[in-house]
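# Architecture and fold: a report
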Amino acid sequence: MTKIKTDLLVIGAGSGGLSVAAGAVQMGADVTLLEGHKMGGDCLNYGCVPSKALIASGKAAWGQSHAQKYGVANVAPKVDYAAAKDHVADVIAEIEPNDSVERFEGLGVRVIQEYGEFLSPTEVKAGDHIITARRIVIATGSSPLVPPIPGLENVPYLTNETLFELREQPEHLLIIGGGPIGLEMAQAHRRLGSKVTVIEGMKALGKDDPELAAIVLENLRAEGIAIEEDALAQEIRGGAGAIEVETKDGRVFKGTHLLMAVGRKANIDKLNLEAAGIERARNGIKVDSGMRTTNKKVYAIGDVAGGLQFTHVAGYHAGLIIRSALFGLPAKERTDHIPWATYTDPELAQVGLTEAQAREKHGTALEVARFHFTHNDRAIAERKTAGLIKVMVVKGRPVGASIAGYQAGELINLWALVIANRLKMSAVANMVAPYPTIGELNKRAAGAYFSPRLFENPKVKRIVGFVQRWLP
Ligand SMILES: Cc1cc2nc3c(=O)[nH]c(=O)nc-3n(C[C@H](O)[C@H](O)[C@H](O)COP(=O)(O)OP(=O)(O)OC[C@H]3O[C@@H](n4cnc5c(N)ncnc54)[C@H](O)[C@@H]3O)c2cc1C
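Residues numbered from 1 in each chain as written. Predicted model: local features only at pLDDT ≥ 70, side-chain atom pairs only at ≥ 80, totals over all residues. Heavy atoms only, no water.

Database annotation for the chain, UniProt heading Sequence similarities (unreviewed entry): "Belongs to the class-I pyridine nucleotide-disulfide oxidoreductase family." (UniProt positions renumbered as here; feature names shortened; annotations may be inferred.)

Written out as structure tokens, the structure reads:
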């Protein structure tokens, strides 16, 4: 056994752990990083990166078969599913060096490629090493949650950890789970030529604003994806190439492949948390508002902390706790300014409160500014007019924004800035946006907030009439 003493021990080299390690070492701390599996974690290997790469393949195929409206003949795309997976692997390989052992060792981080396990409140065992650290960060992420549906144990199924390695094209992909991951993969596969059925126990995209989710779901259905809601999978039967899912209400769906996308579970089993006095919560590790666990020298960040599960949230947590772990400064997590997006076409994006949440919290003080994509000239030129932006405003300040439509994930950035800095709607209205851009939609939404005040206000009309009479 080797004994190592370090300032900061980071367990898990995914989005959160890598950000902490890189930041802390560059600020002069002695940092040790443990990774039991692949550097880069879920986002690089099984999540954001491969999913967005496969979506890009689907988009390319779709573009070929839907070019007529731009005056270019439609052609049936010749999809090579295995080659699309090569593209996915290639994209991962291009990004991989950023997250590699070599890069982190080059920065001065001590990287140990082993799983970590607590021995005591201050000691962690990793392979042949026992590490004592002033502060410890748990950033072990999450894994696909596979519920014990009767019969599932006898049927081959895919998760996000195996889907991107599959080389044979599913003829008919059944997806259990109609959340962002399920629907992104549904559309990518449909566009690459598979039949797709999504089986959702409640409502698809149920965490988003229903009015906006409906815009996305309508488009996905129009592309030929069967999205079955209130369809709780109760039994799974069959074998490779012929799988059946029966729902509680007796519906039976048949397909050749099955993808489980029902949710995530925190990676805590290997950690021996009890030895360190670290309590669990319902969705992961219990943390306070500064991301500290019940052992005050140990932080938990990213997916394992059980809050919003996104790469940018793990990165945000990393920034917060570096402040606290290295400088001893207080840190407090905010969640009201965190955006997220679902990369279907059209995209769906949210920051802050949805309309329903804002109405519950602010009652009659809430005003909702709305603007449709149909009025945006660039959206018309691109033939991407299915979309709506809603901004929830209280006393002139946005408290939330929800967008469904082309590039919603890009558009939401502005509202994330506005809400993070508690800016007013006037800040957006004062901006001059280049014409014709999709980004103009944001300014027009701000315009929709102000125009009733300006154009439907009798006082304004009286003042203009009065001034006009006296103007030379
Ligand atoms: C299909 C899919 C698509 C997604 N798309 C997006 C997206 O578009 N945008 C977005 O923001 N988010 C997306 N996410 C979510 C995103 O991947 C996660 O929120 C993010 O990876 C969380 O980062 P993390 O650092 O908490 O954990 P991870 O990135 O999962 O890293 C945790 C690491 O810890 C390691 N580990 C676990 N236990 C131990 C241990 N005991 N010792 C040592 N190492 C250990 C694991 O091997 C892993 O490498 C997606 C997720 C999935 C599944």
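With that settled, consider the pairing of strand β12 (residues 242–247). Of the two faces of β12, the one holding Ile243, Val245 and Thr247 is buried and the one holding Ala242, Glu244 and Glu246 is not buried anywhere. Alignment of strand β11 (residues 233–239) against β12, held across six bridges, turns out to be antiparallel. Looking at β12, one finds that Ile236 is bridged to Val245. Counted along the chain from β11 to the antiparallel partner β12, the turn is two residues long, and its residue Gly241 has a positive phi close to 85°. Where β12 meets strand β13 (residues 252–255), four bridges bridge the pair, whose relative direction is antiparallel. (Buried < 20%, exposed > 50% of the residue type's maximum accessible area, 1.4 Å probe, protein only. Helix = DSSP H or I, 4+ residues; strand = E, 2+ residues; numbered from the N terminus. Pairing = 2+ DSSP bridges.)

With that settled, consider the sheet that holds strand β10 (residues 226–228). Within a sheet, neighbouring strands are paired by backbone hydrogen bonds and run either parallel or antiparallel to one another. If you trace the four strands from one edge of the open sheet to the other, you get β10-β9-β8-β14, paired in parallel fashion. The open sheet has two edge strands, β10 and β14 (257–260), and neither has a second partner. Strand-to-strand twist in this sheet, taken as the mean axis angle between neighbours without regard to direction, amounts to 20°. One ladder, built from three bridges, connects strand β9 (residues 195–199) with β10; its direction is parallel. Across the sheet, residue Ile199 finds its bridge partner in β10, namely Glu228. (Axes fitted to C-alpha atoms, helices over the stretch in contact; angles between N-to-C directions.)

This paragraph deals with the packing of helix α3 (residues 48–65) against helix α4 (residues 81–95). Two packed helices can be described by the angle between their axes and the distance between those axes. Viewed as axis vectors pointing N to C, α3 and α4 meet at an angle of 135°, and their least axial separation amounts to 9 Å. One element, α3, and the other, α4, form an angle in the oblique class. Crossing hand, α3 versus α4: right-handed. On the side of α3, the interface is formed by Val49, Pro50, Ala53, Leu54, Ala56 and Ser57, while α4 contributes Ala84, Lys85, His87, Val88, Val91, Ile92 and Ile95. Looking at side-chain class alone, the contact of α3 with α4 contains 10 nonpolar, two polar and one charged residues. (Parallel < 35°, antiparallel > 145°, perpendicular 65-115°, else oblique. Left-handed = near helix turned anticlockwise from the far one by under 90°. Contact = heavy atoms within 4.5 Å. Nonpolar A, V, L, I, M, F, W, Y, C, P; charged D, E, K, R; others polar.)

Now for the UniProt feature "domain: Pyridine nucleotide-disulphide oxidoreductase dimerisation" (unreviewed entry) in the chain. The positions UniProt marks with the feature "domain: Pyridine nucleotide-disulphide oxidoreductase dimerisation" (unreviewed entry) are residues 338–444. Helix makes up 36% of residues 338–444 and strand 31%. Its end C-alpha atoms lie 23 Å apart.

This part is about the packing of aromatic side chains. Here the structure, examined in full by the defined rule, presents two aromatic pairs. Each ring, one from Tyr449 and one from Phe450, has its centre 4.9 Å from the other, and the planes form 80°; the classification is edge-to-face. Positioned above the aromatic ring of Tyr115, the side-chain terminus of Lys270 is 4.5 Å from the ring centre. (Phe/Tyr/Trp six-rings, centres within 6.5 Å; stacked < 30°, edge-to-face > 60°. Lys NZ or Arg CZ within 6 Å of the ring centre and 35° of its normal.)

By the definition in use, this model includes one disulfide. With its sulfur 2.3 Å from that of its partner, Cys43 forms a disulfide with Cys48. Judged by the sign of its S-S torsion, about -130°, the bond between Cys43 and Cys48 is left-handed. (Disulfide = S-S within 2.5 Å.)

Within the secondary structure, Arg280 is located in the loop between β15 (264–266) and β16 (298–300). Here Arg280 falls in the partly exposed class, since its relative accessible area comes to 43%. Residues Arg280 and Ala240, spaced 40 residues apart in sequence, show a C-alpha to C-alpha distance of 37 Å. In this structure, Arg280 is in contact with Ile268, Leu273, Glu274, Ile285 and Lys286, ignoring residues within four places of it in sequence. A distance of 3.2 Å separates a polar atom in the side chain of Arg280 from a polar atom in the side chain of Glu274. (Polar contact = N/O pair within 3.5 Å; in protein donor to acceptor, adjacent residues only side chain to side chain.)

Attention now goes to the UniProt feature "binding site: NAD(+)" (unreviewed entry) in the chain. The feature "binding site: NAD(+)" (unreviewed entry), as given by UniProt, occupies Gly177, Gly178, Gly179, Pro180, Ile181, Gly182, Leu183, Glu184, Glu200 and Gly263 in the numbering adopted here. In sequence the annotated residues extend across 87 residues, while in space they remain close, none of their C-alpha pairs exceeding 14.0 Å. Look at Pro180 and you get partly exposed, because its relative accessible area is 38%. The contact partners of Pro180, leaving out residues within four places of it in the chain, are Leu205 and Thr342. Checked against the element boundaries, Ile181 lands in helix α6 (residues 180–191). Judged by its relative accessible area of 43%, Ile181 falls in the partly exposed class. In this structure, Ile181 is in contact with Ala261 and Arg264, ignoring residues within four places of it in sequence.

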